[in-house]
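Chain by chain, the residues run as shown.
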Amino acid sequence: MFKALVIEKDDAGYRAGVQQVDEAALPDGEVLVRVEYSTINYKDGLAITGKSPVVRKFPLHAGIDFAGTVEASEDARFKAGDRVVLNGWGVGETHSGGLAQKARVKADWLVPLPEGLTTRQAMAIGTAGYTAMLCVLALERHGLAPGMGDVLVTGANGGVGSVAITLLAGLGHRVVASTGRTGEAAHLQALGAAEVMDRAELSAPGKPLGKERWAAVVDSVGSHTLANACAQTRYGGAVAACGLAQGLDFPASVAPFILRGITLYGIDSVMAKPSVRMPAWERLARDLDLAKLDALTTEIGLDEAVQAGTDILAGRVRGRLVVDVNR
Ligand code: NDP
């Protein structure tokens, strides 16, 4: 038996709570992992509260991410004692996930933890940080290099935003952070933001084309914010879109695409191939300032995860929440 945050949906309604569960009830998979840390992403908030139909199989252990140590493996790529990280693949949605002391998953879904990162740091990064890295990699492939101009990061105090700022500033870019919490400006500057702007400047309906401001953009917000970010991107620049914190809609015009030749990259972390994930994790291990990662991370125990799910949707979480599932 072990502890897990179980999501249930039946005649009594939708609910989430920590329970003792039986290892025999874990889903099929080649690798059994002793989970050390998990995390609360925006999507975990949706799953825990039931605000969006993220969980599609019941009962299910929540948690789209985990990091831990292999306990047993039927796959030659992993052996007992290996340290691994998992992000996405429908774990915490249709397959029991990481907000639990154990998880059994497919070997194909696991990434060996890169040298230099602890399991706690891997979950301080989590899907949010790994997605921020995917955004940065897309912009680099586009040709973004330090010195080319301001890079806008929206949802700056969120998980994706905080890690994106830290990464981009560490790589030598001039970062402008857009936030609704301007009172956190000093924190964002400590992460590396050169400038902090009020998200209200971007979140209302705007013009098809605006003043050319951004060499590139990392957007975790969507909706009018993404439309305005595109409208303000410089000729030939690029926008990496990964989130929908403001909305799923994209009320934009084609003007920035056909008149300024900008490129919009869609970023998906969940089903990204291992050939995309592994380099992203290697780059995180190499490029992310771990002292700054620590400064943007708060640790909670498994019993606090349900409340944290509500808090993240309400925009009350700053940076990243790491969950010690054994606490
Ligand atoms: P967080 O909740 O940590 O961050 C989201 C941030 O967005 C908030 O902190 C807030 O930043 C800002 N925000 C919230 N509401 C609004 C609003 N109404 N208008 C404008 N800004 C708003 O979430 P994550 O960082 O974990 O995830 C961010 C987004 O990215 C989510 O939509 C998530 O689903 C998506 N995502 C997508 C992935 C993919 O594979 N494509 C992977 C990971 C995340 P501030 O307070 O600074 O304004």
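Because the structure is predicted, anything quoted here is derived from the model rather than measured.

### Remarks on the site of the ligand
Neighbouring the ligand are 25 residues, the closest being Val160, Thr179, Gly180, Arg199 and Ser269. Within the contact set of the ligand, an oxygen atom lies 2.6 Å away from a side-chain nitrogen or oxygen of Thr179. In isolation the ligand has 920 Å² of accessible area, and contact with the protein removes 87% of it. Judged by the fraction of its atoms near the pocket grid, the ligand is located in the largest pocket. Elements supplying a minimum of two residues to the shell around the ligand: helix 2 (119-142) and helix 3 (159-170). Its residues assigned to classes, the shell around the ligand comprises 10 nonpolar, 12 polar and three charged.

### Overview of the pattern of salt bridges
Taken as a whole and judged by the stated rule, the model has 23 salt bridges. Here Glu93 makes a salt bridge to Lys43, at a shortest N to O gap of 2.9 Å. Of this pair, Glu93 sits in the loop between strand 6 (83-87) and strand 7 (102-105) while Lys43 sits in helix 1 (residues 42-49), placing them 50 residues apart in sequence. Note that Asp82 and Lys79 form a salt bridge whose closest N and O atoms lie 3.0 Å from each other. We classify Asp82 as buried; its relative accessible area is 19%. Salt bridges sharing partners connect three or more residues here, namely Arg120, Asp294, Glu299, Glu304 and Arg327.

### Looking at unusual backbone geometry
With an omega of -10°, the peptide bond between Phe58 and Pro59 qualifies as cis. Looking at the secondary structure, you find Pro59 in the loop between helix 1 and strand 4 (60-61).

### Focus: the layout of surface pockets
Considered as a void within the structure, the largest pocket measures approximately 1,200 Å³ in volume. Every residue lining the largest pocket is counted, 47 residues in all, and those nearest its centre are Tyr42, Ser220, Gly243, Leu244 and Ala245. Taken together, the elements giving at least two residues each to the lining of the largest pocket come down to helix 1, helix 2, helix 3, strand 10 (174-179) and helix 10 (305-313). Reported here for the second largest pocket is a volume of approximately 210 Å³. For the second largest pocket, the lining is made up of 13 residues, of which Ala25, Pro59, Leu60, His61 and Ser96 are closest to its centre. Partitioned by chemical class, the residues of the lining of the second largest pocket number seven nonpolar, four polar and two charged.

### Looking at the packing of helix 1 against helix 10
As a packed pair, helix 1 and helix 10 sit with axes 8 Å apart at the nearest point and diverge in direction by 115°. Read as a crossing pair, helix 1 and helix 10 show a hand that is left-handed. Facing Tyr42, Gly45, Leu46, Ile48 and Thr49 of helix 1, the residues of helix 10 in contact are Ala305, Val306, Gly309, Thr310, Ile312 and Leu313. When grouped by side-chain class, the residues that make up the contact of helix 1 with helix 10 number seven nonpolar, four polar and no charged.

### Structural notes on helix 1
Along helix 1, the positions that sit buried rather than exposed are Asp44, Gly45, Leu46, Ala47 and Ile48. Tucked into the core, helix 1 has its buried residues touching strand 1 (2-10), strand 2 (13-21), strand 3 (31-40) and helix 10. Just downstream of helix 1 lies Gly50, where phi reads positive at about 80°.

What counts as what
The residue count restarts for each chain, going from 1 along the sequence in the order it is written. Since the coordinates come from a predicted model, pLDDT governs what is reported: local features require at least 70, and pairs of side-chain atoms require 80 or more to be given and counted, while whole-chain, interface and lining totals use all residues. The basis for every side-chain value is the complete set of heavy atoms in the structure, and neither hydrogens nor water enter the calculation. We define proximity as follows: a residue is near a molecule or strand when any one of its heavy atoms falls within 4 Å of that partner. The definition of a polar contact used here is a pair of N or O atoms within 3.5 Å, where within protein one atom must be able to donate a hydrogen and the other to accept one, and adjacent residues in sequence count solely through side-chain atom pairs. All accessible areas in this document rest on Shrake-Rupley with a 1.4 Å probe, and a residue is counted as covered only by the protein chains that are shown. Detection works on a 1 Å grid of protein atoms alone, calling trapped sets that fit a 1.4 Å probe cavities and calling open sets with protein on both sides within 12 Å along at least five of seven lines pockets, with lining residues defined by an atom within 4 Å of a point. Occupancy of a cavity or pocket is assigned to a molecule whenever over half of its atoms lie within 2 Å of that pocket's grid points. For the purposes of this entry, the term helix denotes a DSSP run of H or I that reaches at least four residues, the term strand denotes a run of E that reaches at least two, and both are numbered from the N terminus. In this classification, Asp, Glu, Lys and Arg are treated as charged, Ala, Val, Leu, Ile, Met, Phe, Trp, Tyr, Cys and Pro as nonpolar, and every other residue, Gly included, as polar. We count a salt bridge whenever a side-chain nitrogen from Lys or Arg sits within 4 Å of a carboxyl oxygen from Asp or Glu. Residue exposure (1.4 Å probe, protein chains only): buried if accessible area is under 20% of the type maximum, exposed if over 50%, otherwise partly exposed. Grid points are joined across faces, edges and corners, and a volume is the space filled by probe spheres set on the points. Note on geometry: axes are C-alpha line fits, over the in-contact stretch for helices, and angles between N-to-C directions span 0 to 180 degrees. Should the near helix be turned anticlockwise from the far one by less than a right angle, the crossing is termed left-handed; should it be turned clockwise, right-handed. We call two residues in contact whenever any of their non-hydrogen atoms come within 4.5 Å of each other.

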